[in-house]
Amino acid sequence: MTESAATGGIAKPPADRGRTSIADGVVEKIAGLAAREVVGVHAMGSGSGLSRTFGAVRDRVPGGAKSTVSRGVKAEVGEVQTALDLEIVVDYGVSIRDVARAVRENVVSAVERMTGLEVVEVNIAVSDVKLPDEDDEEPESRLQ
């Protein structure tokens, strides 16, 4: 092995030199995508149609708030662990308990696999139920 001139000891392997930090937003995007993959999750974030409408408009404005992918997700990232809070809207007729369990499993799996962080908790708030006869209130684009 090689002697390190600076420390007088053995040099670390290249993979162990330095540290990697992962931003909260990165974990939020991964968790948001993983949650949306679960059958029964209609949307992420606030459940009211009006709030979803304003969110869709905000997403189209350059420099608007959070990206659509991370809407409804809040992450606290430490050195080796992360905790997540998710707000979801479920489809009418699904078992909320089963959907929440599936969301937790998918989110934990994706975040731990992609980041190497230990997910210590995934808190889920169900803010609304999407009824079959409700239209998604997507605003029409005014651009032609």
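None of the values given here were measured: they were computed from a predicted structure. (Residues numbered from 1 in each chain as written. Predicted model: local features only at pLDDT ≥ 70, side-chain atom pairs only at ≥ 80, totals over all residues. Heavy atoms only, no water.)

Chemist: What am I meant to see in the side chain of Thr-115 here?
Modeler: Note on placement: Thr-115 falls in helix H3 (residues 96-115). A polar contact of 2.5 Å, which involves the side chain of Thr-115, links it to the backbone oxygen of Val-111. Leaving out residues up to four positions away in the same chain, Thr-115 has contacts with Ile-22, Val-27 and Ile-30. (Helix = DSSP H or I, 4+ residues; strand = E, 2+ residues; numbered from the N terminus. Polar contact = N/O pair within 3.5 Å; in protein donor to acceptor, adjacent residues only side chain to side chain. Contact = heavy atoms within 4.5 Å.)

Chemist: For this particular structure, what's the right way to read the pattern of salt bridges?
Modeler: Oppositely charged side chains can form a pair if their charged atoms are brought close together. For the structure shown, the criterion picks out two salt bridges. Glu-79 serves as the salt-bridge partner of Arg-19, at 3.1 Å between the closest nitrogen and oxygen. Of this pair, Arg-19 sits in the segment before helix H1 (24-36) while Glu-79 sits in the loop between strand S2 (73-77) and strand S3 (81-91), placing them 60 residues apart in sequence. Accessibility assignment for this pair places Arg-19 and Glu-79 in one class, exposed. For Asp-98, the salt bridge goes to Arg-101, with nearest N and O atoms at 3.3 Å. Of the two residues, Asp-98 and Arg-101 both sit in helix H3, three residues apart, roughly one turn of that helix. Owing to a relative accessible area of 43%, Arg-101 belongs among the partly exposed residues under this scheme. (Salt bridge = Lys/Arg side-chain N within 4 Å of Asp/Glu carboxyl O. Buried < 20%, exposed > 50% of the residue type's maximum accessible area, 1.4 Å probe, protein only.)

Chemist: What's the story with a negative patch on the surface in this structure? I'm lost.
Modeler: There is a patch of like negative charges on the surface, built from Asp-24, Glu-76, Asp-85 and Glu-121. Topologically, Asp-24 is positioned in helix H1. (Patch = residues over 30% accessible without salt bridge, like charges linked within 9 Å, V, L, I, M, F, W, Y side chains within 5 Å. Areas by Shrake-Rupley, 256 points an atom, 1.4 Å probe, with all protein chains shown as cover. Lys, Arg positive; Asp, Glu negative; His and termini not counted. Charge placed at Lys NZ, Arg CZ, Asp CG, Glu CD.)

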